[in-house]
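# Results of the structural survey
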Amino acid sequence: MTSYVPSPDEVSAAQTENGGWSKKQLAEWGVPWPPPSGWRKHLEAKWNGEDVAPLPRQEPDQDTLF
């Protein structure tokens, strides 16, 4: 897990022309793919020094595996 937390300005500056973020960039910030809802607010809270739980990782349900 990464210890670097980007500022909200850094997050905005890393946005692509299409309005998203690359999988690689999110991984550098410790954000799982696909990014869960609220990931930007989570990073901002961490940047502000708040104690936040880890972001949830989406696990495929069993029906999609078979």
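Further up the page is the structure itself.
Below, the structure is looked at part by part. The shown structure was predicted, so the numbers you read here are calculated from the model rather than taken from an experiment.

### Notes on the overall build of the chain
- From N to C terminus, the chain includes four helices and zero strands.
- When the 66 residues of the chain are sorted by exposure, 24% land in the buried category.
- By sequence separation, contacts in the chain at least 24 residues apart represent 38% of the contacts at least 6 residues apart.
- A total of about 5100 Å² of accessible surface is found on the chain, and carbon and sulfur atoms cover 48% of it.

### Examining the packing of aromatic side chains
- Scanning the model with the defined rule gives two aromatic pairs in all.
- Aromatic side chains Trp 21 and Trp 39 sit 5.0 Å apart centroid to centroid with 85° between the ring planes, which places their arrangement in the edge-to-face category. Here Trp 21 is found in the loop between helix H1 (8-13) and helix H2 (23-28), whereas its partner Trp 39 is found in helix H3 (residues 39-47), with 18 residues between them in sequence.
- Classification of Trp 39 as buried rests on a relative accessible area of 7%.
- With a centroid separation of 6.4 Å and an interplanar angle of 25°, the aromatic rings of Trp 29 and Trp 39 are classed as stacked. You can see Trp 29 sitting in the loop between H2 and H3 and its partner Trp 39 sitting in helix H3, a full ten residues away along the chain.
- For Trp 29, a relative accessible area of 6% corresponds to the buried category.

What counts as what
- Residues numbered from 1 in each chain as written.
- Predicted model: local features only at pLDDT ≥ 70, side-chain atom pairs only at ≥ 80, totals over all residues.
- Heavy atoms only, no water.
- Helix = DSSP H or I, 4+ residues; strand = E, 2+ residues; numbered from the N terminus.
- Buried < 20%, exposed > 50% of the residue type's maximum accessible area, 1.4 Å probe, protein only.
- Contact = heavy atoms within 4.5 Å.
- Areas by Shrake-Rupley, 256 points an atom, 1.4 Å probe, with all protein chains shown as cover.
- Phe/Tyr/Trp six-rings, centres within 6.5 Å; stacked < 30°, edge-to-face > 60°.

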